Amino acid sequence: MRADAQNTVEKIEKSLDLLAQRLDVETAPYRLEEFNARVEDPSLWDNPEAAQTLMRDRQMLVDALAVYDGIKQELSDNIELIELGEMEDDAEVVDEAETALKALEITAAQKELEALLDGEADANDTFLEVNAGAGGTESCDWANMLARMYVRWAEKKGYKVELQSESAGEEAGIKSATYKISGLNAYGWLKSESGVHRLVRISPFDSAAKRHTSFTSVWVYPVVDDNIDIAVNPADIRIDTYRSSGAGGQHVNTTDSAVRITHHPTGIVVTSSEKSQHQNRDIAMKALKSRLYQLELDRRNEAINEAHENKGDAGWGNQIRSYVLQPYQMVKDLRTNFETSDTKGVLDGDLDGLMAATLALDVSGKSRAEAQNG
């Protein structure tokens, strides 16, 4: 087998290894047997909601096994074809099988990433908050750049993006903005973006053209499903109405209908500035419940909780990612060491590589390279 084909085979095998790990392939047949036994229970549909959950979970396992087995079988078939073609000196058969392997490599890598999106709320829509940190006007401009970056990323994914609230910077950019991003696995993809993002560049606001460092914090939390009951005590919240301070335009309204809800026990504050005050109350309450649900998810997952606690203020020492535009071009994630010199592409929404590396960090707490090699 030629070296490039062997390299492709090894990449597919590594994807299969990670798929097997996420699926727990050794116990999967036994779990499927248990699902099938429960499906045959005549009393299953006495509780329709529980039955639907069971059927959904069973189908997800069936689909995951089918994907794993399909890739494994196709890999084996093409290896055999290459070996047969080489034995019979049939270059056409070898070329066709190697082309099929290249396509399979892409499929396997995509399924590997999808397998990482298996958290409790990963499939949900998400809220994304961007808040300017240390750096004044520079930081507000950086917050605006980050907001644009995430909007462009979401649009490329085919997700729906809705601006929930926005506060304009005094001279440029934004102090803060909150978006609702809707689409399959929106939260699963974006959850790794929570943290402080650092920008180094020549300031367009500095007449001396000096290099400046700016910080902006990003917080991502899932939209709560309607079937998840989050109780909010009316005595624990304060609801204020105010005039929106946004910059106006097609995305931001400047009516007196903006709503702010403060949750006293946690200190959580959420806002919405749509045209309808009634709509704002509904949006803000959903955002509050989502934030409270995120806190509960954090309590269940010590690693996530620790990450949020360590996020700290938007300033030195707390960043998860650096975007350096001067004196060289580099975006580097400090958690995974994933880096790219395509700063323009990243700021234009090409984030999948950065996100994928962080998602893969969840595999036994290792980086993608460590997980694949060990």
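Residues numbered from 1 in each chain as written. Predicted model: local features only at pLDDT ≥ 70, side-chain atom pairs only at ≥ 80, totals over all residues. Heavy atoms only, no water.

Enquirer: Describe helix 2 (residues 28-39), naming the residues involved and giving the relevant values.
Expert: Between its first and last C-alpha, helix 2 extends 16 Å over 12 residues, near the 16 Å set by a 1.5 Å rise per residue. Here helix 2 has its buried residues at Ala 28, Leu 32 and Phe 35. Along the axis of helix 2, the buried residues cluster in a sector spanning 60°; they form a single face. Opposite the packed face of helix 2, turned more than 90 degrees from it, sit the exposed residues Tyr 30 and Glu 33. Buried residues in helix 2 make contact with helix 1 (3-23) and helix 3 (48-87). (Helix = DSSP H or I, 4+ residues; strand = E, 2+ residues; numbered from the N terminus. Expected span 1.5 Å × (residues − 1). Buried < 20%, exposed > 50% of the residue type's maximum accessible area, 1.4 Å probe, protein only. Arc of directions from axis to C-beta. Contact = heavy atoms within 4.5 Å.)

Enquirer: An account of the environment of Asn 124 is needed here, citing residue identities and associated values.
Expert: Structurally, Asn 124 can be placed in the loop between helix 4 (91-116) and strand 1 (126-132). Since its relative accessible area comes to 8%, Asn 124 is described here as buried.

Enquirer: Go over the packing of helix 3 against helix 4, please, and point to the residues and values.
Expert: Packing of helix 3 against helix 4 leaves a shortest axis separation of 9 Å and a crossing angle of 160°. Taken together, helix 3 and helix 4 sit at an angle that is classed as roughly antiparallel. Handedness of the crossing formed by helix 3 with helix 4: left-handed. Across from Val 67, Ile 71, Glu 74, Leu 75, Asn 78, Leu 81, Ile 82, Gly 85 and Glu 86 in helix 3, the residues of helix 4 making contact are Val 93, Val 94, Ala 97, Glu 98, Ala 100, Leu 101, Leu 104, Ala 108 and Lys 111. (Axes fitted to C-alpha atoms, helices over the stretch in contact; angles between N-to-C directions. Parallel < 35°, antiparallel > 145°, perpendicular 65-115°, else oblique. Left-handed = near helix turned anticlockwise from the far one by under 90°.)

Enquirer: Mind laying out a negative patch on the surface, listing which residues take part and the relevant values?
Expert: On the surface, a cluster of negative charge is contributed by Glu 74, Asp 77, Glu 80, Glu 83 and Glu 86. Tracing the sequence through the fold places Asp 77 in helix 3. (Patch = residues over 30% accessible without salt bridge, like charges linked within 9 Å, V, L, I, M, F, W, Y side chains within 5 Å. Areas by Shrake-Rupley, 256 points an atom, 1.4 Å probe, with all protein chains shown as cover. Salt bridge = Lys/Arg side-chain N within 4 Å of Asp/Glu carboxyl O. Lys, Arg positive; Asp, Glu negative; His and termini not counted. Charge placed at Lys NZ, Arg CZ, Asp CG, Glu CD.)

Enquirer: Outline the side chain of Ser 290, supporting the account with residue identities and numerical values.
Expert: Relative to the helices and strands, Ser 290 is located in helix 7 (residues 277-300). Its relative accessible area of 0% is what places Ser 290 among the buried residues. Within the structure, Ser 290 has its side chain in polar contact with the backbone oxygen of Pro 222 (distance 3.0 Å). Not counting residues up to four positions away in its chain, the partners in contact with Ser 290 are Phe 127, Tyr 221, Pro 222, Val 223 and Val 224. (Polar contact = N/O pair within 3.5 Å; in protein donor to acceptor, adjacent residues only side chain to side chain.)

Enquirer: Let's hear about the sheet that holds strand 7 (residues 258-263): which residues, and what values?
Expert: Reading across the sheet, the 3 strands line up as 6-7-8 and stay open at both edges, with antiparallel pairing between neighbours. Looking at which strands have only one partner, the edges of the open sheet turn out to be strand 6 (237-242) and strand 8 (268-272). Each neighbouring strand pair of the sheet contributes to a mean axis angle of 15°, computed without reference to strand direction. With 6 bridges joining them, strand 6 and strand 7 adopt antiparallel strand pairing. In the sheet register, Arg 238 faces strand 7, and the bridge partner there is Thr 262. (Pairing = 2+ DSSP bridges.)

Enquirer: Go over the sheet that holds strand 11 (residues 339-340) with me, naming the residues and quoting the values.
Expert: Spatially, 8 strands are ordered 2-3-1-5-4-9-10-11 in an open sheet, and the strand pairing comes out mixed. Whereas interior strands pair on both sides, the edge strands pair on one side only; in this sheet they are strand 2 (160-168) and strand 11. In terms of strand pairing, strand 10 (residues 330-333) meets strand 11 through 2 bridges, oriented antiparallel. Pairing of Lys 332 across the sheet is with Glu 339, part of strand 11. Packing against the sheet, helix 5 (residues 137-157) makes contact with strand 1, strand 2, strand 3 (174-182), strand 4 (195-202), strand 5 (211-222) and strand 9 (319-324), and its axis sits at approximately 45° to strand 5.

Enquirer: Describe in detail the pattern of salt bridges, supporting the description with residues and values.
Expert: Counted under the stated rule, the structure contains 19 salt bridges. Among the ionic pairs, Asp 141 bridges to Arg 201, the shortest N-O distance being 2.7 Å. Of this pair, Asp 141 sits in helix 5 while Arg 201 sits in strand 4, placing them 60 residues apart in sequence. Summarising the burial analysis for this pair, Asp 141 and Arg 201 share the class buried. Ionic contacts of the salt-bridge type, sharing partners, join the residues Glu 193, Arg 321, Asp 333 and Arg 335 into one network.

Enquirer: Lay out the nonpolar core in plain terms, naming residues and giving numbers.
Expert: In terms of nonpolar packing, the biggest core is built from 56 residues, with Leu 128 and Tyr 323 touching the most fellow members. Here this core gets 9 residues from one element, more than from any other, and that element is helix 5. Residues in contact with Leu 128, not counting those within four places in the same chain, are Tyr 150, Ala 177, Thr 178, Tyr 179, Ile 181, Leu 190, Val 218, Trp 219 and Val 220. (Core = buried A, V, L, I, M, F, W, Y, C linked by side-chain atoms within 4.5 Å.)

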